[in-house]
Amino acid sequence: MVQKDFKKSKNIDIIKGIGIILVVLGHAYFPLRKYIYLFHVAVFFMTAGYCNNEKYSSSLLSFIELFIKRVKSLWVPYMIYNLIFLLFQNILIKFHIYTDDYQSLSMGFLSNDGFISIIGMKDAIVIIMKSVFFINSRPLLGGLWFLGGLFYVTILYNLIDLILVKLKIKKLHIIISIVLLLIGFFISKGTISIPFFGKFISIVFSCEILFLVGVVLKDHMSKIMNKPLLILVLSCSILIILSHFGSISIGSTHFVNPLFFLSASVVGFVFLWSLSIFILRVELLEKVFIYIGVNTIPILALHILSFKIITLIQMHVFNESALVISALPVWKFDSYWWLLYSIVGVSLPLFINKIFTRIRNYVFFLGKNLRMKITSLKR
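Owing to the predicted nature of the structure, the values given are computational and were not obtained by experimental measurement.

Caption draft 1: The arrangement of empty space enclosed by the protein in detail. Inspection of every chain in the model, using the stated rule, returns one cavity of 30 Å³ or more. Empty space within the largest cavity amounts to approximately 40 Å³. The element that contributes the greatest number of residues to the lining of the largest cavity is helix H9 (residues 198–217), accounting for three residues. Of the residues assigned to the lining of the largest cavity, the class counts are four nonpolar, three polar and no charged.

Caption draft 2: Geometry of helix H10 (residues 228–242). Given a rise of 1.5 Å per residue, 15 residues ought to cover 21 Å, and the 21 Å separating the end C-alpha atoms of H10 matches this to within 8%. All of the buried residues along H10 are Pro228, Ile231, Leu232, Ser235, Leu239 and Leu242. An end-on view of H10 places all buried positions within 100° of arc, on one side of the element. Of the residues in H10, the exposed ones pointing more than 90 degrees away from the buried face are Leu229 and Leu230. Elements that come into contact with the buried residues of H10 comprise helix H2 (33–36) and helix H11 (258–279).

Caption draft 3: Spatial organisation of the side chain of threonine 47. Here threonine 47 shows up in helix H3 (residues 42–50). Here the side chain of threonine 47 touches phenylalanine 44 through a polar contact of 2.9 Å, landing on its backbone oxygen.

Caption draft 4: The arrangement of the side chain of asparagine 53 in detail. Its location among the elements puts asparagine 53 in the loop between H3 and helix H4 (60–87). From its side chain, asparagine 53 meets the backbone nitrogen of lysine 55 in a polar contact 3.0 Å long.

Caption draft 5: Broad picture of the pattern of salt bridges. A full pass over the atoms with the stated rule returns four salt bridges. In this structure, the salt-bridge partner of glutamate 286 is lysine 10, at a minimum N-O distance of 2.9 Å. Taken as a pair, glutamate 286 in helix H12 (residues 283–293) and lysine 10 in helix H1 (residues 10–27) lie far apart in primary sequence, 276 residues in all. Take lysine 10: its relative accessible area is 36%, and that puts it in the partly exposed class. Taking the shortest distance from any N to any O, the salt bridge between aspartate 161 and lysine 170 comes out at 3.5 Å. The class for aspartate 161 is buried, based on a relative accessible area of 2%.

Caption draft 6: Main features of the packing of H9 against H11. As a packed pair, H9 and H11 sit with axes 11 Å apart at the nearest point and diverge in direction by 40°. With respect to their mutual orientation, H9 and H11 come out oblique. In this structure, H9 crosses over H11, and the sense of that crossing is right-handed. In contact with Ser206, Cys207, Ile209, Leu210, Val213 and Leu217 of H9, H11 contributes Phe261, Leu262, Ser265, Val266 and Phe269. A class-by-class count of the residues in the contact of H9 with H11 yields nine nonpolar, two polar and no charged.

Caption draft 7: How the structure looks around the confidence of the model for the protein chain. For the protein chain, the average pLDDT comes to 89, and 93% of its residues sit at 70 or higher. Here residues 1–7 is a poorly scored stretch, pLDDT under 50, and it has 12 contacts once near neighbours within four places are set aside; other chains count.

Caption draft 8: Geometry of the state of the cysteines. For the structure shown, the criterion picks out zero disulfides. As a non-bridged cysteine, cysteine 51 has cysteine 207 as the owner of its nearest cysteine sulfur, 17 Å distant.

Thresholds, definitions, all that
Residue positions within a chain follow its written sequence, with the count starting from 1. Local features in a predicted model are, by the rule used here, given only for residues with pLDDT of at least 70; side-chain atom pairs are given and counted only at 80 or more, and totals for whole chains, interfaces and linings are based on all residues. Here the side-chain values reflect all heavy atoms present in the structure, with hydrogen atoms and water set aside. Cavity and pocket criteria rest on a 1 Å grid covering protein atoms alone: a 1.4 Å probe that fits but cannot get out defines a cavity, protein on both sides within 12 Å along at least 5 of 7 lines defines an open pocket, and an atom within 4 Å of a point defines a lining residue. Grid points are joined across faces, edges and corners, and a volume is the space filled by probe spheres set on the points. Helix and strand assignments follow DSSP, with helices taken as H or I runs no shorter than four residues and strands as E runs no shorter than two, numbered in order from the N terminus. Note that Gly is not counted as nonpolar here; it falls among the polar residues with everything else outside the nonpolar set of Ala, Val, Leu, Ile, Met, Phe, Trp, Tyr, Cys and Pro and the charged set of Asp, Glu, Lys and Arg. Expected helix span is given by 1.5 Å per residue-to-residue step, counting one fewer step than there are residues. The cut-offs for exposure are 20% and 50% of the maximum accessible area for each residue type, with area from a 1.4 Å probe on protein chains only; residues under the lower value are buried, those over the upper are exposed, and the others partly exposed. The reported arc concerns the directions from the helix axis to the C-beta atoms and nothing else. Residue contacts follow a heavy-atom distance rule, with two residues in contact if any of their heavy atoms lie within 4.5 Å. N or O atoms closer than or at 3.5 Å make up a polar contact, with two conditions inside protein: a donor-capable atom paired with an acceptor-capable one, and, for residues adjacent in sequence, both atoms drawn from side chains. A side-chain nitrogen of Lys or Arg and a carboxyl oxygen of Asp or Glu constitute a salt bridge if their distance falls within 4 Å. Axis definition: a line fitted to C-alpha atoms, over the contacting stretch in the case of helices. Angles run 0 to 180 degrees between N-to-C directions. Each angle receives one of four descriptions, namely roughly parallel if under 35 degrees, roughly antiparallel if over 145, roughly perpendicular if within 65 to 115, and oblique otherwise. What makes a crossing left-handed is the near helix being turned counterclockwise from the far one by less than a right angle; a clockwise turn instead makes it right-handed. Scored from 0 to 100, pLDDT records how confident the predictor is in each individual residue. Our working definition of a disulfide is a cysteine sulfur pair at a distance within 2.5 Å.

In structure tokens:
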């Protein structure tokens, strides 16, 4: 399937659909989350690399075009969601979605992100200024750090590529990516100390190589997928083995070592690609996963807020204080509560996004008609 900017197969949208479901499952404390965390975020950087168009590193003008596109596709939604949640933050505290009650900290179910104070105008301005640079997402939007990571990784990769193309030494990119990965790893371990933005720099440097791997795999995935069932079983087995040697959390900049990080990421991508081949054979599943895959941002932004519906039900079932609603990301997740969290975490954001999309399209339609009438009257 050829699109305007790049050649992209349906497999990519399906992988993104599976990936965002895995993100939600991980936050809902799915029992097998340790396997999910080996690759569930990494695959998004790799799919972005797979979809990258080489033209963006062919000239400065093309690079600027890429920058503007990523501002529209990543920075704008990031800012919109953060501004909305910032605007309603004090109201969310009132309804216990957040809490400023110190008693909640002693109850043991709340992460530091869930405890938040009433903010004034001065604090709001500081928060907005940080958000401009993808720093300091609102607590319920913790997953949106990924948009900032992807933005900087995409820009960094193409900037490096642009320079190397101009110098006619493009083959050095793999060496530079390995060096960046090592620097990112040492920053995460504290060996290299960078104040204020060290964690975010570690994420960007560590994940730039994943973007590169995605670019490289674009020309090879069809060749290595002649036996998808064998690849599926083999990659799944390798992930199970790898899970016994360590864990990965890109958002927390935690991974055992660079080789482990890179291996788990690549194997995870291959696993999801082989799985997508089987999904493509069932038309209904194909449509569902592709739809989810092209609407990952609303799910990423709204799934934790959607979780609150299940926590509210739990509050009444277990006759608990309203403070439990502020538990982040979830409260009780045993006895298959994680499944309910996950279902709501995926379906409700899609429903909300559908409604707002229709409202937006209707407003645009009315605006277009109004402009046409004004133009006809002038004539």
